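Residues per chain, in single letters:
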Amino acid sequence: MTSIREKLVLIGNGMAGVGTIEQILKLGGAYDITVFGSEPHPNYNRIMLSYVLEGSKTVDDIILNDWSWYKDNGITLHTGTTVARIDGDKRQVITENGLTVDYDKVIIATGSNSFILPIPGSGREGVVGFRDIADCEAMLEAAKQYGKAAVIGGGLLGLEAAKGLVNLGMDVTVVHLMEDLMERQLDHTAASMLKAELERQGVKFAMGKQTVELTGDERVSGLRFIDGTELEAQFVVMAVGIKPNVSVAKASGIEVNRGIVVNDYLQTSLADVYSVGECTEHRGVCYGLVAPLFEQGTVLAKHLCGVETKPYEGSVVSTKLKISGVDVFSAGEFIDTPEHTVISAKDDWKRTYKKILLRDNIIVGAVLFGDVTESGSLQKLVKQGAVMTDDIYADVMGTGCCGGGGAKKTASVESMSDEEIVCGCNGVTKKAIVDAITDNGFTTVDEIKACTGATRSCGGCKPVVEQILQYVLGDGFEQSAKTGICSCTTLSRDEIVAQIRAKGLTTTKEVMNVLGWKQEEGCSKCRPAVNYYLGMIYPDTHEDEKESRFVNERMSANIQKDGTFTVVPRMYGGVTTPEDLKRIADVSIKYDVKVVKVTGGQRLDLIGIKKEDVPKVWEELDMPSGYAYAKSLRTVKTCVGSQFCRFGTQDSMSMGALLERKYERLDFPAKFKMAVNGCPRNCAESCTKDIGIVGNDGGWEVFIGGNGGIKPRIADSFCKVKTDEELVGICSAVMQYYRETGNYLERTSEWVERIGLEHIKTAILDNEEERKALAHRIDFALTQVQDPWKKMLIDGATRSALFEATEIR
């Protein structure tokens, strides 16, 4: 006998609706499910659109449930199909193209639409919102054709859109009506720090500006403000807010206010019709953040599956976001008034800020910028209305004496409530992760991801998931966390290096044969990695395998998108001479260099050199290669230091040049950058370098693990030394330890996070013998290096093969 399953129709194929369906499936809900989506895509992560825009992910990368997921779960999916209305009498869902589907239950999850300012010119070509893949594709296309863009709105979406367009090469100005960015989440201090950080990344701002017209003819050409001033822009992104998409509900006679009105079980005014997500209004509130949407979906899924559940009573208003690599958090009240007691700490060096607000000694709000480690604890304390105590103060302000970061993090995980959301992108709680570990015996992040969805989107929660694994499994976690470096092998980096040493393997082919590679020739991921590991282990005997390197490294030059090349000569410590500048100018004129660009690393980039001219340019420059193409030391940025600056306490230029001369040409797991400051004013931006060095009256302070790229990270203070000799010794040891323990392509910012700062300190600072041994090994490796262009210019065969006959692929 076949049981009759109820028909469940989901209107809206986004995160809130499909998240609810996932919960229903997990609870064993017996429904025949039909899903309607207006877009032509399966369910994807809208939060990740900014990553698609900046180019770090593709559309495929942000798909949460691919086509097979619907098929595997027996779900009928109609993409590119918009629902017009629900007929409550006939119990049918009716689409705009005339399709009708019977239902027993309906979930409306139509999300929201971009709010387009009703001003003259808003309908012109070149004006878009930023809500879906189509908007994203329009922005990508615009960046290919136009130079100047404006983003109206300084909230999260606007800032992400602006950063993405900057990364695409556009000149972008954010136009914001208020004086502070994200004024609904951040106070003035945090907003100012965020603005400064984004300006550093290339975003421009026009604050306190009210747009009254978009000028132009058929296409937009600029913005006109209420004060009469104008801004040129051939592309405009409206990111001034969202409005709940209530069109289906309105057409169906369902009660609508700002959003679709629901009760505490997400029921609308029409029987058997429910609503979740941004289109929903609950107790007068429409939510635009992800966590509340999943909380709604969890309640609704249980209700529809007949599982006992508490009603949805609203969500705690808190925000934890990553904006262009910068973590920000706010919860509860964040603007201080005379009624508040304010606890705050601001670190201009680390670019972090922490503020906690108390009213009558009750914790009522918090703001974090740069370091959101305490966000989980603070969110809970605000929600509980906890009384501030000495112990809580010590914990959240970091003044406690409970030991190292690892112990503190574990304690933080231990204190998390079961209901606390760990993965905001996919609404996964701590309890769901703990249950997945204990019920299924999972021991790796990948297993947790496959089961619960945690970490499968932005990945920002991966450290917390790892901490939970460590908390639940203890020592079992680390042993099971090893994974292959690519699909060709199940061996980890450490296992491969150990086997190379133990078996005396000397070539990539030998490594792959002996260690049982699944693909005999390896792949583009493992070949360069193995070649690097062999060179690191055998610096004197390993014969570099050019064919295993990336094309830029094979050519010792950077190929550009038009097929021309760039040449970057070395300028030690960012210092050059009039003679070298004249030579660069003469060569640039002779070989018709299109652009001479001053780089962020304080040297000159000769752009647009024809392939056949590259060897001749190097020959006539007769200068060392700057290795702008290589996984090696790029630059050592310096300020003028004590030689000229009245604030300088140390000779940063001389030290920078010394370090650059010493460590140039050596291979590293990834590109490597350094900076030397003559004083703590940080003019050379040491805080974002792999090794940052800051002079002071007593000597030098060393920082490691900084990064100013796609995933910015402020460097960690490593140690202080008194003499130049000590400084060089520390640099040598850190660089060699990174060379010997870093995964290929892993920047030091990731390496420090993975290995742990305390572990690196123990290995180097607490072990003088090992520190000297590391320095000795890097010195030996440095004796083997050679300038690639000195070698290339006397190697006629290679020069001819690469620059006269080779097709670049």
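In this text, all values refer to a predicted model and were calculated from it rather than measured experimentally. (Residues numbered from 1 in each chain as written. Predicted model: local features only at pLDDT ≥ 70, side-chain atom pairs only at ≥ 80, totals over all residues. Heavy atoms only, no water.)

### Brief notes about the UniProt feature "binding site: [4Fe-4S] cluster" (unreviewed entry) in the protein
And step 1. As annotated in UniProt, the feature "binding site: [4Fe-4S] cluster" (unreviewed entry) corresponds to C639, C645, C679 and C683 in the numbering used here. Spanning 45 residues, the named residues nonetheless gather at one spot, since no C-alpha pair among them exceeds 11.0 Å.
And step 2. By the secondary structure assignment, C679 is in the loop between β33 (672–677) and β34 (691–696).
And step 3. Contacts of C679, omitting those with residues within four sequence positions, involve F647, G648, T649, V694 and G695.
And step 4. For C683, the location among the structural elements is in the loop between β33 and β34.
And step 5. Note on C683: relative accessible area 60%, which makes it exposed.
And step 6. Setting aside chain neighbours within four positions, we find C683 in contact with C639 and N677. (UniProt positions renumbered as here; feature names shortened; annotations may be inferred. Helix = DSSP H or I, 4+ residues; strand = E, 2+ residues; numbered from the N terminus. Contact = heavy atoms within 4.5 Å. Buried < 20%, exposed > 50% of the residue type's maximum accessible area, 1.4 Å probe, protein only.)

### Looking at the UniProt feature "domain: BFD-like [2Fe-2S]-binding" (unreviewed entry) in the protein
And step 1. The sites that UniProt annotates as "domain: BFD-like [2Fe-2S]-binding" (unreviewed entry) are residues 421–470 and 485–534.
And step 2. Each end of residues 485–534 is marked by a C-alpha atom, and these two atoms are 15 Å apart; helix forms 54% of the span and strand 0%.

### Considering helix α8 (residues 290–304)
And step 1. The terminal C-alpha atoms of α8 lie 21 Å apart, and with 15 residues this matches the ideal 21 Å at 1.5 Å per residue to within 8%.
And step 2. Within the span of α8, buried status applies to V290, P292, L293, F294, Q296, G297, V299, L300, A301 and L304.
And step 3. Where α8 is buried, its residues touch β1 (6–11), α1 (15–26), β2 (31–36), β7 (105–108), β19 (273–275) and β20 (280–282).
And step 4. One or two steps after α8, the chain reaches G306, where phi turns positive at roughly 75°. (Expected span 1.5 Å × (residues − 1).)

### A word on the sheet that holds strand β31 (residues 604–609)
And step 1. With respect to topology, 4 strands assemble into an open sheet ordered β28-β29-β31-β30, the strand pairing being antiparallel. Of all the strands in the sheet, the pair left with one neighbour each is β28 (558–559) and β30 (595–598).
And step 2. Sheet topology places β28 next to strand β29 (residues 565–567); 2 bridges connect them, and they run antiparallel. Across the sheet, residue N558 finds its bridge partner in β29, namely T566.
And step 3. Where helix α21 (residues 614–621) meets the sheet, its contacts fall on β29 and β31, and the angle it forms with β29 comes to roughly 10°. (Pairing = 2+ DSSP bridges. Axes fitted to C-alpha atoms, helices over the stretch in contact; angles between N-to-C directions.)

### Quick word on the sheet that holds strand β9 (residues 127–128)
And step 1. Pairing in this open sheet of 5 strands is parallel, and the strands run β9-β16-β10-β11-β12 from one edge to the other. Edge strands, defined here as strands with exactly one partner in the open sheet, are β9 and β12 (204–207).
And step 2. On the sheet, helix α5 (residues 156–167) packs against β10 (148–152), β11 (171–176), β12 and β16 (235–238) and is oriented at approximately 165° with respect to β11.

### Remarks on the pairing of strand β14 (residues 220–225)
And step 1. Judged from the 5 bridges that link them, strand β13 (residues 211–216) and β14 form a sheet pairing that is antiparallel. Looking across to β14, one finds that T215 is bridged to G222.
And step 2. Between β13 and β14, which follow one another and run antiparallel, lie 3 residues.
And step 3. Relative to strand β15 (residues 230–232), β14 is paired through 3 bridges, and the arrangement is antiparallel. Among the inter-strand pairings, G222 is bridged to a residue of β15, identified as E232.
And step 4. Following β14, the chain reverses through 4 residues before pairing antiparallel with β15; G228 in that reversal takes a positive phi of roughly 90°.

### Details of the side chain of Q234
And step 1. In this structure, Q234 sits in the loop between β15 and β16.
And step 2. Among the polar contacts made by the side chain of Q234, one reaches the main-chain amide nitrogen of G147 at a distance of 3.4 Å.
And step 3. Side-chain polar atoms of Q234 contact the side chain of E232, separated by 2.9 Å. (Polar contact = N/O pair within 3.5 Å; in protein donor to acceptor, adjacent residues only side chain to side chain.)

### Here's the deal with helix α20 (residues 578–590)
And step 1. Compared with an ideal rise of 1.5 Å per residue, which puts 13 residues at 18 Å, α20 spans 18 Å between its outermost C-alpha atoms and is within 8% of the ideal.
And step 2. Taken together, the buried positions of α20 are D580, I584, V587 and S588. The buried residues of α20 occupy one face: seen down the axis, they fall within an arc of 100°. Opposite its buried face, α20 presents the exposed residues P578, E579, K582, I589 and K590, each directed more than 90 degrees away.
And step 3. Tucked into the core, α20 has its buried residues touching β30, β31 and α21.
And step 4. Backbone geometry just after α20 places D592 at a positive phi near 55°. (Arc of directions from axis to C-beta.)

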